[in-house]
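# Descriptive analysis of the structure
One letter stands for each residue in the lines below.
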Amino acid sequence: MKIVIGGQVDKKEVEELVRKHGPEGVETVIRSDLEAAMAVKTGKADYYIGACHTGGGGALAMAIAVIGRDKCETVSMPGRKPDEEKIREAVRAGKKAFGFTADHKELAVPMIMKAIQELT
């Protein structure tokens with residue numbers, strides 16, 4: 001499994017969390033938002049994960065533009081923490097890009113990785 005890290009903030013920290021909570025052998029790479037979204041669109045990466053200050057703007061704007069809103073999920077926003085069941089539903093629905101606020105990364109990434117692993 002290959003996960004590309006985009007978003008506007010805390011990319012290294014998000015990458016470390018993906019490695020920690022992802023399946024054994026998970027591959028990660030940090031890219032610009034455009035490169036990250038294109039990697040998912042072209043099948044060079046399985047998922048896109050990114051953080052910003054709003055959860056959907058800087059984290060997902062390019063992914064929405066490149067791979068489509070129907071493949072993207074805002075996992076958290078200021079004042080709205082991640083919800084594990086909603087993340088599971090998003091993964092089951094085929095979402096490939098996940099955005100969240102940087103202050104929720106410690107909650108969001110483990111939930112996302114757990115949901116992805118449950119699907120595979």
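Up top is the structure.
Let me sum up the structure you'll find in this document.

Reading the values: rules and limits
Residues numbered from 1 in each chain as written. Predicted model: local features only at pLDDT ≥ 70, side-chain atom pairs only at ≥ 80, totals over all residues. Heavy atoms only, no water. Salt bridge = Lys/Arg side-chain N within 4 Å of Asp/Glu carboxyl O. Helix = DSSP H or I, 4+ residues; strand = E, 2+ residues; numbered from the N terminus. Buried < 20%, exposed > 50% of the residue type's maximum accessible area, 1.4 Å probe, protein only. Core = buried A, V, L, I, M, F, W, Y, C linked by side-chain atoms within 4.5 Å. Contact = heavy atoms within 4.5 Å. Pairing = 2+ DSSP bridges. Axes fitted to C-alpha atoms, helices over the stretch in contact; angles between N-to-C directions. Parallel < 35°, antiparallel > 145°, perpendicular 65-115°, else oblique. Left-handed = near helix turned anticlockwise from the far one by under 90°. Nonpolar A, V, L, I, M, F, W, Y, C, P; charged D, E, K, R; others polar.

Close approach of charged atoms allows side chains of opposite charge to pair. In total, this model carries nine salt bridges according to the counting rule given. For D10, the salt bridge identified is with K105, shortest N-O distance 2.9 Å. A residue pair is termed long-range when its members are at least 10 positions apart, and D10 in the loop between β1 (2-7) and α1 (11-21) and K105 in helix α5 (residues 105-119) qualify at 95 residues. Given the relative accessible area of 26%, D10 is considered partly exposed. Judged by relative accessible area, which is 14%, K105 ranks as buried. The salt bridge involving R92 is made with E85; its shortest N-O contact spans 2.9 Å. Through salt bridges with shared partners, a single ionic network connects E84, E85, R88, R92, K114 and E118.

Let us now look at the nonpolar core. Counting residues in each nonpolar core, the largest one holds 24 residues, and the members touching the most others are I3, V14, V18, I49, F100 and I112. For this core, the elements supplying multiple residues, two or more each, are β1, α1, β3 (47-52), α4 (84-92), β5 (97-101) and α5. At seven residues, the largest contribution of residues to this core is made by α5. When sequence neighbours within four positions are dropped, the list of residues in contact with I112 reads I49, V75, I87, F98 and F100. The next biggest cluster of nonpolar side chains, apart from the first, holds 16 residues, and it includes A39, Y48, A59 and V66.

Turning our eyes to something else, we now look at the pairing of β5. Judged by how many residues are buried, β5 sits mostly within the fold: five of five residues are covered. Burial of the side chains of β5 extends over both faces: A97, G99 and T101 are buried on one face and F98 and F100 on the other. Judged from the five bridges that link them, β3 and β5 form a sheet pairing that is parallel. Following the sheet pairing, G50 is matched in β5 by G99. In terms of strand pairing, strand β4 (residues 72-74) meets β5 through three bridges, oriented parallel. When the sheet's bridge partners are listed, E73 is paired in β5 with F98.

At a closest axis distance of 9 Å, the pairing of α4 and α5 adopts a crossing angle of 45°. Between α4 and α5, the angle falls in the class oblique. The handedness of the crossing between α4 and α5 is right-handed. On the side of α4, the interface is formed by E84, I87, R88, V91 and R92, while α5 contributes M111, I112, K114, A115, I116, E118 and L119. The class makeup of the residues in the contact of α4 with α5 is seven nonpolar, no polar and five charged.

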